[in-house]
Structures are given as C-alpha cells and as structure tokens.
Amino acid sequence: MASPETSAGNTQRGDTLPNGDIYVGNFAGLVPHGFGKYMWTDGTLYYGEWDTSKMSGRGVIQWPSGASYDGDLCGGFIDGTGTFKGVDGSVYKGSWRMNKKHGMGTMVYANGDTYEGLWNEGLPDGFGKYTWVDGNIYIGGWKSGKMNGRGVMQWTNGDTLDCNWLNGLAHGKGFCKYASGACYIGTWDRGLKDGHGMFYQPGSKMPCNLEVSECVSDHDISSSSSSGNENINSGLLFLFQKLCNTWRLHSLFHWPRRISNGTTPVFDDNSGNNLSQDSSTEPLATDNCVQDSGVDKVLVYEREYVQGVLISEKPKCHDSGMLDSGKTQEHTWQKQAGGPMETIFKGHRSYYLMLDLQLGIRYTVGKITPVPLREVRSNDFGPRARIRMYFPTEGSQYTPPHHSVNFFWKDYCPMVFRNLREMFHIDAADYMMSICGDDSLKELSSPGKSGSIFYLSQDERFVIKTLRKAELKILLKMLPKYYSHVRAYDNTLITKFFGVHRITLKGGRKVRFVVMGNMFCTELRIHRKYDLKGSTQGRSTKKQNINENTTLKDLDLSYVFHVDKPWRDALFRQISLDCMFLESQSIIDYSMLLGIHFRAPYHLKTSSSHQSSLERCGIPDSELLQYEEKSSWKGFLLVAHEPGTTVGGSHIRGSMVRASEAGYEEVDLVLPGTGRFRVQLGVNMPARARKVHEYMNTELENPNTIEEYDVVLYLGIIDILQEYNMSKRVEHAVKSLKFDPLSISAVDPNSYSKRFVKFLESVFPEQD
C-alpha cells in the first residue's frame, strides 16, 4: 500500500491500519471522508459514504456469514431506511435506529412468515399485520414482539377472531365468526374461552355491528414485495386507517410482546382443534324452547366455559329477550364489551366529583405522609381529628388551580387511616397513583341496594363507595374498636378501610366517601360472586336478571366447598372472632362476599396437556411426579412457599395458612398456565366445590354422578355499617307477622351472628 499523503485535500488512496483493517477511498486529512471501502480483519466489508471517519449516508455492509445490509447509516450505526438479508434467508426492509429495526418495516422470515408494521427496538411493537406461511393472518396491536391490544385473527379455514390480546393470546372481550356462519360472543382468558357467552348458529340473527374488519381479507395491500419505503408506509397507513374506521377506535396502540417467529397462536381449548368447539351446530342441551311462532329450531345458545371447557349450554328462546332489532343488538354487544364498569370521562355525571376526590386525597396524603409514623392516640379519633380545606378553581396559598368546580374538602381521622394503610403495606405513593394518577376511576354501572355508588381505581386495587350520613357516623363511632381489632388479628376478614372523606359542593350538597380494599383484585377470573347473609327471606335472584356480573344470594348458592381441615379451622376461628366484634358494636346485615374462580374439570383434560402446562410454570420433574402421586385428583399443585416468587396480591397481610398435604407448611398455589399465588386466609384459597340440590341426598348419591370442580376462593365480610337500631327493630316486628322470624335479615346482633356462622358452616362442611 502507498504511504499516507499529508495533503489536506479530499484525496483517494489506500491505507492498512495498525490493527490490520484496510480502507480504500477518499480522505479528509487523515480520516476517511466521502466514498470508500473498509474491510475488517474478520472479513466484514463496507463500501459506501463516510463522514469524518464514521459510516454515514448510503452504503452496503457484507458479513462473512453471508448476511448483508443495503441502506442508510448515521454515525457508524445502521440508522434510517434499508434492507437487511439474514444468513437464514430472512429479509427485513424498512426503518432502523441505532442498529435495530425501529419504525415502519416489513420482515419476511426464513420460514416464509411475513410481518408488516411498526417496530420498536428490534421487535414488532405498535400496529401491524402478520401472515403465516400457511395463510393465517393477524392484524392489530403488538408489544415487544407479541400480539397485544385489539386485533383480528383469520385462519385459512375462514374462522375469524376479533378480540383483545395479551402476550400473544386472546384475552378479554371478543367475538369469533366461523366459516360455517356461526358466531360466538364472549370472553377469552389467556387464549381460552372463559366465562359466559352467546353462541349463534348459522342462520340466526346476530348483532348488526359484529362485522369483522374487512382489512383481514384484503390481499392487495403492498407487503414485502413493495419497492421502497414509500410503498411500505402507504400500505400500512391504508391498512391502519381502514381498521380504525371499521372498529371506530381512537386508541388502538396498547403497545403490546413478542410472538415467536413462525408460530401460530394456539386456541385449542385443551382439545387440539382450532376453535372447533363452537363450529358444531349440535347443541349440548337437550331441552327445547316452546315455539309459538312456527320456528322449530333454536339458533341461539347461552354458553359457559371454564378454561376452554364447555360446561353448560342453554337455548335462548326468541320470545325471551332475544335480539329483535339492529338497535337492540348493537346496544347489547356494546354493553357486553364494556362490562359492568365504565370509565369516567369528561362529560360523565361523576366527572367533577372524581376530580374533587382525587384532588382531596392527593392533598391529604401529601400533607400527612411527611409526618413521622407514630402510635395512634385517643385524640386521633375525636371530632377534632379532621383536615379541612377549600379548593377554589383559581387555586390558593395551599391548593393548586384545577379544572373542576369550587368545593370544600374534609378528611376524617387522617392519622388513623394512615396507620391502617401502613398496616396493610400500602405505600403512600402507590396509593395516590392508584386513585389520583392520570387514569380515570371506573364507575360500577349498577348502584348498590342502599343507593350507594361504587367506583374502582383504574388498577382495581381500591373500591370507593359513597356513604349515607348515618353510615358515616357508625363508622366513626366504631373506628377505635375497629382499629384495635384489625391490629390484633392479621387475618381478619372484615372490610379493610383506608380513608373516609367528604366533599361539599356549591349549594351545600355533601357527598361522603369511604376507600376500601378490593378483595377481588386478582389475575384470576371470578366466575361467580355470592353475597351470603344466612337468611332466606328475599335472598334469591330472579333468573331473568342473572348475568355473569350478577352478585348472587343465599338461595342461589348450589355448591358446598371442601377445604383442607387446617384451613377450615382457621377460617371459622377468624369468622367467629370477626362476628364477636361486630356483635359488640350492635352491627347486623353484614354478609360474606364470596368469589369463586373455577378451574377446568380435571377429568376433561388430557394428562399430557396438563403436565405440559405444569412444566411451563417451571415446576421440576421431581415435584411433578410427587404431584401426580399425591394430588392427581386435583387440578392444583401446592408447593412450599418461596418469598418473592408469587404473584403480588392486593394489600395482603397476615400469616399464611398451612396445608396438611404439604406437611403443615406454608404453601403457594401453582395454577398451570397462570402463575404462582400466595395462599392466605380468604385469599387464593384452593377448595373442592360440589354441586348440590335441595332434593339431593348426597349420602345416597352415586359418587360417579357427583358434579365437582376445583375452585379458588376469595372471602371477606362486607357491609358492616348497619346498626340494630329502632328502625330495624320495627322492621323485625313487622316482617315477623308475615314470615318466619328466623328467616328475615333484621334480627338482633346475637341471633344474626349465630345464624351467619351456622349457615357458613353448612357452606363449608367438614370432610369425613
């Protein structure tokens, strides 16, 4: 090679560098600048533009492995637009940032799969279209390489699933249209149908707004064969606009995770056949509706699934509230999609009330958190234990300006509730972010029987309930004893209170709130909810009013639950202690709120699919073998507790219950395909649910016909703010003239407590 020239001009020459690399091209002084070719000692070759010793502009890189890149570079990094060809035959054409795929681009994988859409840090992230080599197509949201957010999946057999997605699996409300013309509207949980839904056979009248996005079947959209980045951008923009117009979505990007290259999502419902259970037009139910209109075939069915297993199906008669008009159908679908809650938005009737509540809580928690934590004193409960503040819209010396209305704020016993939050391991910053963050609260669509309105924090950790003035007085009156009881008993089942507040609006209208823990804040789907008092008068729900969001009552309960003996003993020991406290405060009308998560019936699962599901949870072979030997009749696996490995619960506190099957050790509950959960009293408690009927003699019944399920239970005592006062005494006297005095809810606290415990003992019977 020629020796370096000292000319300051842009000259072309070749140099061998001290490290053995070779550069041939233009220089600016002593550094490469302009066009040149650079070869590293490992054989990597770059030829293209340089800017003061760094690759910048257009160029081509060729690696010894056979991979190559042709496109833009900046500052020595692949940055801009270009085409990368992998050694395995894959091709990516699109945008780059700092050596990673970032922006709009198209990837053709080595196995023939294609992704066309947005990328982030080298992974599909945003909106995109994935086409498998076998012809299956997904169009929708992605995050970190996995389908996430709203999206549509279409299979080559003509089946289409329009649903919410999470980590590559259908998860949330959605509807599936089959090539046969049938349709299923319901809920998916981690890729499996779970919960209630409606199945429409071919020929039935379906909701008019359930047309799957047309863009799924559009094959004329430019993809990897498009030339240049303009075609890529225009193709995806057209696809995105079309999908948004079809769904009427304003926030499609839920920034969802990585799909394994070349892997089709599985929706086998433990059967191995893609979406096959709904394809059949043969109903499971044998009973028929009475047809008065000449229709001899029921076309619509109410179905219920548990982890992909169809456990019940009922025909839906045309004259029993079936969808008759397009308007009714559309409303029904939208209501189902929205669920029992609605996010409070600007213009909502509770919007300004929500802003006031968030402002007040943020002010109170921020004011009291810096105060050193100390023991609660007697004067922390008194009438002077208040924080009062006026919040004008323009702001003041102590309050910020805001976009709500002028209001007065009162916070009751702030130091007491601060200590209660600490007791339940609730961080002040997390508490404020959960309730007062950028996200809106959610309002339950149906108020309680008392007329109270319920709100949920966006993460659903906390429930906010409006109180009547009488309820507020009872709560403040019992607060000292409540605090002592909760402090003394870590595993108390009584409602957890975290704050009591009052807002006074213009005109003197007062709204009182209490913030409580949500006992149903769990990753598991709650399939049934029961409000159990132990009374029978009026304690049933009309069948026509029941849906998957209904909280059922005593007479609706058709199960008994068998739990491990140490757990049952601990449960009733705590129930008795809690009832003694409530009785001492003359409280009645409380109830046990019971949430049930059903697991798929074990006998309907294949052993291979169940074991592979356990293996995905990271359970060692030795524990799997022990599980099969000791607990093969269950769908659960109990393993010794390991701190830091379980799914975090909502304000969980207290000692863990011990399992006899695990040598009376503290245990975690492993649910195949879901996670590992900490078992505590009333939280994540595994049990065996047995179906019972009033006419059934369980002792004489053939064990082979008994209907049993593995369930996970959530329990808590709620509605503890009703005193046995004069009005309740009068109610008891009046109703006793017509009904059995022991069957009505309004009885004296001692009788109420005894009846309550006795009823729960029948719900959780001792095992033989």
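For the structure, see preceding data.
What counts and how
Residues numbered from 1 in each chain as written. Predicted model: local features only at pLDDT ≥ 70, side-chain atom pairs only at ≥ 80, totals over all residues. Heavy atoms only, no water. Buried < 20%, exposed > 50% of the residue type's maximum accessible area, 1.4 Å probe, protein only. Helix = DSSP H or I, 4+ residues; strand = E, 2+ residues; numbered from the N terminus. Pairing = 2+ DSSP bridges. Salt bridge = Lys/Arg side-chain N within 4 Å of Asp/Glu carboxyl O. Core = buried A, V, L, I, M, F, W, Y, C linked by side-chain atoms within 4.5 Å. Domains from an automatic or database assignment. Contact = heavy atoms within 4.5 Å. Disulfide = S-S within 2.5 Å. Expected span 1.5 Å × (residues − 1). Axes fitted to C-alpha atoms, helices over the stretch in contact; angles between N-to-C directions. Parallel < 35°, antiparallel > 145°, perpendicular 65-115°, else oblique. Left-handed = near helix turned anticlockwise from the far one by under 90°. Nonpolar A, V, L, I, M, F, W, Y, C, P; charged D, E, K, R; others polar.

Caption draft 1: Region of the structure containing the pairing of strand β13 (residues 146–154). Where burial is concerned, most of β13 is hidden: seven out of the nine residues are buried. Across six bridges, strand β12 (residues 137–143) lies against β13 in antiparallel orientation. Within the sheet, the bridge partner assigned to Lys-143 lies in β13 and is Lys-146. Between the end of β12 and the start of β13, which pair antiparallel, lie two residues, with Ser-144 showing a positive phi angle near 50°. Relative to strand β14 (residues 160–166), β13 runs antiparallel, the two being bridged by six bridges. Its bridge partner being in β14, Gly-149 is matched across the sheet by Trp-165. Counted between consecutive antiparallel strands, the loop separating β13 from β14 contains five residues, among which Gly-158 sits at a positive phi close to 100°.

Caption draft 2: Expanded view of the pattern of salt bridges. Applying the stated rule across the entire model yields 24 salt bridges. Note that Asp-189 and Arg-190 form a salt bridge whose closest N and O atoms lie 3.2 Å from each other. In this structure, Asp-531 engages Arg-539 in a salt bridge whose closest nitrogen and oxygen atoms are separated by 2.9 Å. What emerges from the salt-bridge pattern is a single network uniting Arg-688, Arg-690, Glu-708 and Asp-710.

Caption draft 3: Highlighting the environment of Val-152. Relative to the assigned elements, Val-152 resides in strand β13. By relative accessible area, Val-152 is classed as buried at 0%. When the C-alpha atoms of Val-152 and Ala-170 are compared, they prove to be 9.8 Å apart, with 18 residues separating the residues in sequence.

Caption draft 4: Examining the nonpolar core more closely. Ranked by size, the top nonpolar core spans 115 residues in total, and within it Phe-561, Ile-575, Leu-713 and Ile-720 carry the most contacts. If you count residues domain by domain, this core takes at least three from each of domain 2 (341–518) and domain 3 (523–603 + 655–767). Excluding anything up to four places from it in sequence, Ile-575 contacts Leu-493, Met-592, Phe-756, Val-757 and Leu-760. Ranked by size, the runner-up nonpolar core spans 36 residues in total, among them Tyr-38, Tyr-138, Met-147 and Trp-155.

Caption draft 5: Up close: the state of the cysteines. Summed over the entire model, instances satisfying the criterion amount to zero disulfides. With no disulfide of its own, Cys-183 lies 7.4 Å from the sulfur of Cys-176, the closest cysteine sulfur. For Cys-183, a relative accessible area of 0% gives the class buried.

Caption draft 6: Main features of the pairing of strand β8 (residues 91–97). Bridge count for strand β7 (residues 77–85) against β8 is six bridges, and the pairing is antiparallel. Bridging from a neighbouring strand, Gly-82 pairs with Gly-94 of β8. Linking β7 back to β8 in an antiparallel pair, the connection comprises five residues, with Gly-89 at a positive phi of about 100°. Note: β8 against strand β9 (residues 100–108), six bridges, orientation antiparallel. Bridging across to β9, Arg-97 finds its partner in Lys-100.

Caption draft 7: Region of the structure containing helix α11 (residues 749–763). Here α11 is 15 residues long and its end C-alpha atoms lie 21 Å apart, about the 21 Å a rise of 1.5 Å per residue gives. Among all positions of α11, only Pro-749, Tyr-752, Ser-753, Arg-755, Phe-756, Val-757, Leu-760 and Val-763 are buried. The inward-facing, buried residues of α11 contact β29 (528–532), β31 (559–562), α7 (565–584), β32 (591–598) and β38 (708–718).

Caption draft 8: Looking closely at the packing of α7 against α11. Where α7 meets α11, the axes come as close as 10 Å, and the angle between the chain directions of the two elements is 165°. In terms of their interaxial angle, α7 and α11 are classed as roughly antiparallel. Seen along the crossing, α7 lies across α11 with a hand that is right-handed. Taking contact as the criterion, the partners of Arg-568, Phe-572, Ile-575, Cys-579 and Glu-583 in α7 are, on α11, Pro-749, Asn-750, Ser-753, Phe-756, Val-757, Leu-760 and Glu-761. Here the contact of α7 with α11 is composed, by residue class, of seven nonpolar, two polar and three charged.

Just geometry here; none of it tells us what the structure is for.
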